[in-house]
Amino acid sequence: MIDFTILTTVFLTLCVYTFVYKESAFWRFAEQTFIGLALGYTFVMAIQQIQTVAWVPISTGKNVLFIGAMLLGFSLYTRFSKKHAWISRWPMAILIGIGTGVAMRTVVESQIVAQIAATFLPLVTPDPMKTFNNIAIIIMVACTLFFFTFTRGKGKTSGNVRKLGRYTLMLTFGAAFGGTVLTRMTLYIGRFTYLWAPAQRYYLLGVGALMLVVLAFYEKITPLFQKK
Amino acid sequence: MLLIIAVSWPLLFPIGLPVPVSKSTRMAFDTIEKLPSGSLVAVSSVLSGGNWPDLGPPEMALVQHLFKKKMKIVFIGCVDETPTIRESTLLPRINKYDAQIGVDYVNLGFIAGAPDVAEAAFATSLRKVLTVDFRGKPLDELPIMKGVNTLADFKLVIHIGMAEDPVRQYYTPFKIPLIVGVYGMMGPHYIPYLEAGQLSGMIVGLRGAAEYEYLVGFVGEGLMGSDALSITHLLVAICIIAGNLAFLYTTRGGAKKEGTK
Amino acid sequence: MSTFYRSQVPLIIASLLAAFMIVEFFLDWAVLRTISSDIQSWGVVISAFALGLGVVTLTRNNVGIIRRREKNWPYYLWCLIIMFTMIGSGLIGPLGKHPVFLWLYNNAFIHLSSTMYSILAFFITTAAVRAFRARNIDAALVLVSGVFVIMTLAPIGATIWSGIPLIGQWFLDVPNMAGMRGIIIGIGLGVLTLGIRTILGYERAHLAGSGGEK
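So, a few notes on the structure that sits alongside this text. (Residues numbered from 1 in each chain as written. Chains lettered and ligands numbered in written order. Predicted model: local features only at pLDDT ≥ 70, side-chain atom pairs only at ≥ 80, totals over all residues.)

### Considering the overall build of chain B
Helix and strand counts for chain B stand at 10 helices and 6 strands. Structurally, chain B occupies a C-alpha span of about 85 × 40 × 30 Å along its principal axes. At a minimum sequence separation of 6, the contacts of chain B that also span at least 24 residues come to 70%. (Helix = DSSP H or I, 4+ residues; strand = E, 2+ residues; numbered from the N terminus. Contact = placed C-beta atoms within 7 Å.)

Written out as structure tokens, the structure reads:
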């Protein structure tokens, strides 16, 4: 008995993986399915959010002012009209204002003051390695900030400081690359673990073989019909 | 092809490599261990289908630990997919130790908006932006939400996703312990927050999840995938080294030929 | 006057709201907190409406392609069919709880979504063989640091040689931490600058694409 659910999941997964070889009809099908499902899901969740945050308080009489919020929300859709598109700037401005305000009010403490304070490390500690690390960190942070602030400069000293800042950033990007490999491999391992699970394995082999045959047939046959 | 073999080999023939526990994972574990049983904990997340392999295992490991310690858990999502994937994929796979929904844990749904805005709204205006839980039950009827109005009413916040916005919106205004579960590629980015004391722990991707599962004492996706992770990482490292050795050989070989002319 | 409503009023709204959100945070008065909560909840409602913009845009775009019978138009038709199936099933009964909606989400969307991201693993492996070359000292530093961190993040690194995680962790805790700290401070200054520009009305990027006027 064929499990339609597993067949669908394996088929859709393999459709996406055909992209690794070449863009194919399978890939295009999977791509458009993904886009349609993503937007459909988001739309339903948006309706749910509007219902719980705005409609429930309005309908129960707890906060009828949300009617204003709903009107502003609807006015976002005027952007599709050439004549009335300017109306959509008002709700956008509200979103920008709120977003800017909430980000700005804590950024000074969290990203500037706290980080600078944490850079003030003890220069002498009982552990020689820790002492070396602390001094290295202080110098590297200063050089990195110098590199960002003074992109051009005259003199050998400023050049060397910027060079050390650049080398620090290269080591940072190397570490970031290491983390990127972890994420990419994790995503692939997650998918492959699912495909290779006992319940899915035979569907993987069967559907995979069938798709390979179809792709090979398509590659061989369609050039024959193309005009020379 | 090599990648397929690198992943399938350890799945078919597990190696069982030991998983050393890093400092950031140990910090997260100790923070939860020190909390009294029954403490109210917020778990906010950007979990979705696309990032499940990277963020799902850390969230599962942390949530499993919270249930084991009999904490009261309030789940909130910062993107639209989070509540659905929690209901369908995360919570069914976890041992809840007889925890009751509405009393010991609740899924509050998600808050629309940019991450900063959604988190700030949850932290400061919880009752205004959330009137019902994901099942549609009013918050006033849920025993777990009694007396909960802002983030100040929580003893611990766990955020799964990026770390900058929760540091800005959860930790900085309220100074509540914050543990993050982050993407593997963002782990190195957030070490400064850990060192500055703004984070009480950090679980980095699948590797962090494997370490945490080992500490909690259960086998989840982290430990199951750690062998495959090792082999694939070794493969990438060998590819880089081999590629550079070949590059050195060809450039030196070219230089030598130029010299002999 | 119409220019005032079209471009000046949005700038004033953004500016006043941003300033209010900051002032409310530092003054910590109950009445300001209440107003701020209301504003934030309005923002959540407006953001929820914004989530639906994609559906309208996609429908307009795809209908145009289908009408003009452009290349691969059947796929765009399929996209609309599946999208409206998802929407239709999601709106029946309790929102987002219909079995068809949940089946499509759990058995199609999640798998497509995670597979889309997972194909990057192939590209990074190919790039590791072909593209990552230590052509100069900068690239060499990136690669040395990268290789040690890759082997530190994998459990096998400690098994091959106990020094690998020590060196890798040093790269993470010292140069990476220092560089990232510099980047974080720089980003913080950037956010601050952008915020001040928004409050002063110099930032007009959010006005683009809606009217096309200054």
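### Here's the deal with the nonpolar core
One finds A:Leu37, B:Ile111, B:Tyr190 and C:Val45 to be the most contacted residues of the largest nonpolar core, which totals 204 residues. With 16 residues, the single largest contributor to this core is helix H2 (residues 25-60) of chain A. With near-sequence residues (within four places) excluded, B:Ile111 lies in contact with B:Ile76, B:Cys78, B:Ala118, B:Ala121, B:Phe122, B:Val129 and C:Val44. (Core = buried A, V, L, I, M, F, W, Y, C linked by C-beta atoms within 7 Å. Buried ≥ 20, exposed ≤ 12 C-beta atoms within 10 Å, placed from the backbone.)

### Re the packing of helix H4 (residues 89-119) of chain A against helix H9 (residues 163-200) of chain C
Running from amino to carboxyl end, H4(A) crosses H9(C) at an angle of 145°, the nearest separation of the two axes being 8 Å. Considering only the axes of H4(A) and H9(C), their crossing is left-handed. Contact residues: H4(A) offers A:Ile96, A:Thr100, A:Ala103, A:Met104, A:Val107, A:Val108, A:Gln111, A:Ile112, A:Gln115, A:Ile116 and A:Thr119, while H9(C) offers C:Arg181, C:Ile184, C:Ile185, C:Ile187, C:Gly188, C:Leu189, C:Val191, C:Leu192, C:Gly195 and C:Thr198. Across the contact of H4(A) with H9(C), the residue classes tally to 13 nonpolar, 7 polar and 1 charged. (Axes fitted to C-alpha atoms, helices over the stretch in contact; angles between N-to-C directions. Left-handed = near helix turned anticlockwise from the far one by under 90°. Nonpolar A, V, L, I, M, F, W, Y, C, P; charged D, E, K, R; others polar.)

### Some remarks on H9(C)
Residue and element names in this part refer to chain C. Given a rise of 1.5 Å per residue, 38 residues ought to cover 56 Å, and the 54 Å separating the end C-alpha atoms of H9 matches this to within 8%. At Asn176, H9 is bent by approximately 40°, the largest bend along its length. Downstream of H9 by one or two residues, Gly201 has phi in the positive range, about 85°. (Expected span 1.5 Å × (residues − 1). Bend = angle between axes of the 7 residues up to and from the residue.)

### Focus on the interface of chain A and chain C
Interface extent is often summarised as the accessible area lost during association of the parts. At the interface, 98 residues of chain A touch 100 residues of chain C. Taken together, the elements giving at least two residues each to the side of chain A that touches chain C come down to helix H1 (4-17), H2, helix H3 (66-75), H4, helix H5 (128-149) and helix H6 (156-196) of chain A. Partitioned by chemical class, the residues of the side of chain A that touches chain C number 64 nonpolar, 27 polar and 7 charged.

### Points about the environment of B:Cys78
All names here are of chain B. With respect to the secondary-structure elements, Cys78 resides in the loop between strand S2 (72-77) and helix H4 (82-90). Judged by the 27 C-beta atoms lying within 10 Å of it, Cys78 is buried. For the pair Cys78 and Phe110, spaced 32 residues apart in sequence, the C-alpha separation works out to 5.5 Å. When near neighbours in sequence (up to four residues on either side) are disregarded, Cys78 contacts Ser44, Ser45, Val46, Phe110, Ile111, Pro115, Ala118, Glu119 and Gly161.

### Examining the interface of chain C and chain B
Taken together, the contacts link 48 residues of chain C with 45 residues of chain B. Within the residue set of the side of chain C that touches chain B, elements represented by two or more residues are helix H2 (30-51), helix H5 (99-118), helix H6 (120-130), helix H7 (137-153), helix H8 (156-160) and H9 of chain C. Here the side of chain C that touches chain B is composed, by residue class, of 31 nonpolar, 12 polar and 5 charged.

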